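Residues per chain, in single letters:
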Amino acid sequence: MLVFTFCVAGIYTCFLTWGVVQERVSTTPYGDSDAPEKFRYFIFLNLIQSLIAAIVSFIYIKVSGRHLNLASSPRALYVKYAQVAFTNCTGSPFGYAALKHIDYPTMILGKSCKLIPVMLMNLVVYRRKFPLYKYVCVFLITAGVSMFMLYHNVEGGNKKGAAANSLWGLFLLGTNLVIDGLTNATQDQIFHDFGSYVSGQHMMFFMNAIGSIYMTIFLLFNPYNDELSQAIRFCQTHPSVIGDVLLFGLCGAVGQCFIFYTLQQYGSLRLVTVTVTRKLFTMLLSVFWFNHKLSVGQWAGVALVFTAIGIEAYIKKMESSRHKKAAFRPNEKDKGLATIISKKSSEKVE
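Just so it is clear, the structure is predicted and the values come from calculations on it, not from any experiment.

### Observations concerning the pattern of salt bridges
No. 1: If you walk through the whole model with that rule in mind, you get two salt bridges.
No. 2: Note that Asp244 is salt-bridged to Arg24, the shortest N-O span being 3.0 Å. Taken together, the residues span a long stretch of sequence, with Asp244 in helix H10 (residues 240–266) and Arg24 in helix H1 (residues 2–27) at a distance of 220 residues.
No. 3: For Asp244, a relative accessible area of 9% corresponds to the buried category.
No. 4: Note that Glu37 and Arg233 form a salt bridge whose closest N and O atoms lie 3.3 Å from each other.

Structure (structure tokens):
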């Protein structure tokens with residue numbers, strides 16, 4: 001439990017910083033006040049982050065005394081790496097495209113339901129089943145986070161009309177969620193099938209390295225996209241953006257170290273629970289720190305989330321104590337063997 005708490009703290013810290021830097025990069029006007037420009041080259045930004053993450057994970061592997069296992073790993077594992085890197089790269093463009101057709105609150109509400117496609121992809125694609133309490137917890141957390149975000153938007157006065165959320169935008173958002181769910185489910189499957197070859201750091205390295213290749217090919221050879229040249233021109237014109245981009249990539253890379261360790265040890269459902277509830281706990285911290293007020297609906301959402309966390313913690317504790325008792329309880333075979341030994345010992349004494 002202590003290790004998991006450390007992972008959660010690492011994820012929250014790194015990605016809160018990452019979110020601040022991302023907002024700075026994407027919203028800050030660079031250049032003179034007469035003709036300021038904003039950085040709008042998100043595939044290039046993701047490429048830089050993937051390259052830095054690949055370097056950080058490679059250093060992590062070497063420092064920990066392990067190897068990449070390039071020769072010993074089966075070919076099927078590299079196929080899976082290529083698949084999960086592809087879905088990881090293709091998911092975010094659908095999210096960016098969706099924001100052009102839906103409002104930001106709708107995007108946040110959609111993201112709060114991410115646990116459902118993760119579980120659905122595990123069920124449909126990989127035929128993986130979960131205990132009943134997992135389904136209950138996923139429902140409670142999804143409902144709780146959704147209520148918290150929905151009532152926050154209503155209370156905050158952000159009441160854009162439903163017309164702002166086109167069916168095409170909702171379709172793009174749904175596609176983004178399904179692809180993200182497939183990515184997480186595939187990661188679980190890789191750990192399940194190739195656990196002796198793969199650690200969290202191995203997956204982090206190969207996903208980012210292969211993803212970098214995909215994005216480089218797209219930026220270099222797509223005749224309808226000049227983002228790479230435009231991004232390089234922007235960095236040359238406004239050198240101050242380079243530091244922000246590198247800091248963005250470094251925060252994301254360090255955060256990924258915690259994410260992939262959590263993924264390896266606890267699975268994608270637990271990881272997505274952490275990332276989905278991050279915004280809720282951040283806002284709760286703000287409430288207690290700055291004395292903000294929550295609506296009744298928001299407190300109800302918080303109660304649902306903590307109920308789900310309590311249910312899972314209680315069941316995990318019961319399972320752990322049951323396993324410990326089973327480990328110390330001799331089975332029937334051991335009892336029989338002990339009886340035979342006892343009889344033979346008594347015969348020798350006689």
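### Considerations on unusual backbone geometry
No. 1: Even without a glycine there, the phi angle at Asn69 is positive, about 60°.
No. 2: Note on placement: Asn69 falls in the loop between helix H2 (42–63) and helix H3 (75–98).
No. 3: Overall, the relative accessible area of 25% leaves Asn69 in the partly exposed class.

### Topic: the packing of aromatic side chains
No. 1: Under the criterion given, the structure shown has 17 aromatic pairs.
No. 2: On the basis of an interplanar angle of 70° and a centroid distance of 5.0 Å, the ring pair of Phe4 and Tyr266 is categorised as edge-to-face. Placement of Phe4 in helix H1 and of Tyr266 in helix H10 is noted, with a sequence separation of 262 residues between them.
No. 3: By relative accessible area, Phe4 is classed as buried at 12%.
No. 4: Among the residues examined, Tyr266 registers a relative accessible area of 28% and is labelled partly exposed.
No. 5: The interplanar angle of 65° and the centroid separation of 6.0 Å between the aromatic rings of Tyr41 and Phe234 together place this pair among those described as edge-to-face. Taken together, the residues span a long stretch of sequence, with Tyr41 in the loop between H1 and H2 and Phe234 in helix H9 (residues 227–237) at a distance of 193 residues. There is no split in this pair, since Tyr41 and Phe234 are both buried.

### Looking at the confidence of the model for the protein chain
No. 1: A residue-level look at the protein chain finds 82% of positions with pLDDT of 70 or above and a mean pLDDT of 81.
No. 2: Between the elements of the protein chain, mean pLDDT differs from a low of 53, seen in helix H13 (residues 332–349), to a high of 94, seen in helix H8 (residues 200–221).
No. 3: Across residues 155–164 the pLDDT falls below 50, and counting only partners more than four positions away or on other chains, this stretch makes eight contacts in the model.

### Things to note about the packing of H8 against H10
No. 1: The contact between H8 and H10 brings their axes to 8 Å, and the two run at 125°. As summarised for this structure, H8 and H10 are arranged oblique, according to the angle between their axes. Of the two elements, H8 crosses H10, and the hand of that crossing is right-handed. Contacts between H8 and H10 pair Gly200, Gln201, Met203, Met204, Met207 and Asn208 from the former with Ala253, Gln256, Cys257, Phe260, Tyr261, Leu263 and Gln264 from the latter.
No. 2: Tallied by class, the residues present in the contact of H8 with H10 amount to eight nonpolar, five polar and no charged.

### Focus: a nonpolar patch on the surface
No. 1: A cluster of nonpolar residues, Ile55, Phe58, Ile59 and Val63, forms a patch on the protein surface that exposes about 390 Å² of accessible area.
No. 2: Along the chain, Phe58 falls in helix H2.
No. 3: Looking at Phe58, the relative accessible area reads 32%, which means it is partly exposed.

### Some details on empty space enclosed by the protein
No. 1: All chains considered together, the criterion is met by one cavity of 30 Å³ or more.
No. 2: Empty space within the largest cavity amounts to approximately 80 Å³.
No. 3: Among the elements of the structure, helix H6 (132–155) and helix H11 (268–290) are those that each provide at least two residues to the lining of the largest cavity.
No. 4: Counting residues per element, the lining of the largest cavity draws most heavily on H6, at four residues.
No. 5: Looking at the lining of the largest cavity residue by residue, the class counts come to five nonpolar, one polar and three charged.

### Section: the UniProt feature "transmembrane region" (unreviewed entry) in the protein chain
No. 1: According to UniProt, the positions carrying the feature "transmembrane region" (unreviewed entry) are residues 41–61, 132–151, 163–182, 203–221, 241–262 and 296–315.
No. 2: Spanning residues 203–221, this segment combines 100% helix with 0% strand, and its end C-alpha atoms are found 27 Å apart.
No. 3: Secondary structure over residues 241–262 splits into 100% helix and 0% strand, and the C-alpha atoms at its two ends are 32 Å apart.

### Thoughts on the nonpolar core
No. 1: Ranked by internal contacts, the top residues of the largest apolar core, which has 54 residues, are Ile11, Phe39, Phe44, Val198 and Met203.
No. 2: Sorting the residues of this core by element identifies H1, H2, H3, helix H7 (167–193), H8, H9, H10 and H11 as the ones contributing at least two each.
No. 3: The greatest single-element share of this core, amounting to 10 residues, is contributed by H10.
No. 4: If sequence neighbours within four positions are ignored, Met203 has contacts with Tyr81, Gln187, Ile190, Phe191, Val198, Phe260 and Leu263.

What counts and how
- Residues numbered from 1 in each chain as written.
- Predicted model: local features only at pLDDT ≥ 70, side-chain atom pairs only at ≥ 80, totals over all residues.
- Heavy atoms only, no water.
- Salt bridge = Lys/Arg side-chain N within 4 Å of Asp/Glu carboxyl O.
- Helix = DSSP H or I, 4+ residues; strand = E, 2+ residues; numbered from the N terminus.
- Buried < 20%, exposed > 50% of the residue type's maximum accessible area, 1.4 Å probe, protein only.
- Phe/Tyr/Trp six-rings, centres within 6.5 Å; stacked < 30°, edge-to-face > 60°.
- pLDDT = per-residue confidence, 0-100.
- Contact = heavy atoms within 4.5 Å.
- Axes fitted to C-alpha atoms, helices over the stretch in contact; angles between N-to-C directions.
- Parallel < 35°, antiparallel > 145°, perpendicular 65-115°, else oblique.
- Left-handed = near helix turned anticlockwise from the far one by under 90°.
- Nonpolar A, V, L, I, M, F, W, Y, C, P; charged D, E, K, R; others polar.
- Patch = residues over 30% accessible without salt bridge, like charges linked within 9 Å, V, L, I, M, F, W, Y side chains within 5 Å.
- Areas by Shrake-Rupley, 256 points an atom, 1.4 Å probe, with all protein chains shown as cover.
- 1 Å grid on protein atoms, 1.4 Å probe; cavity = no way out; pocket = protein on both sides within 12 Å on 5 of 7 lines; lining within 4 Å.
- Points joined across faces, edges and corners; volume = space filled by probe spheres on them.
- UniProt positions renumbered as here; feature names shortened; annotations may be inferred.
- Core = buried A, V, L, I, M, F, W, Y, C linked by side-chain atoms within 4.5 Å.

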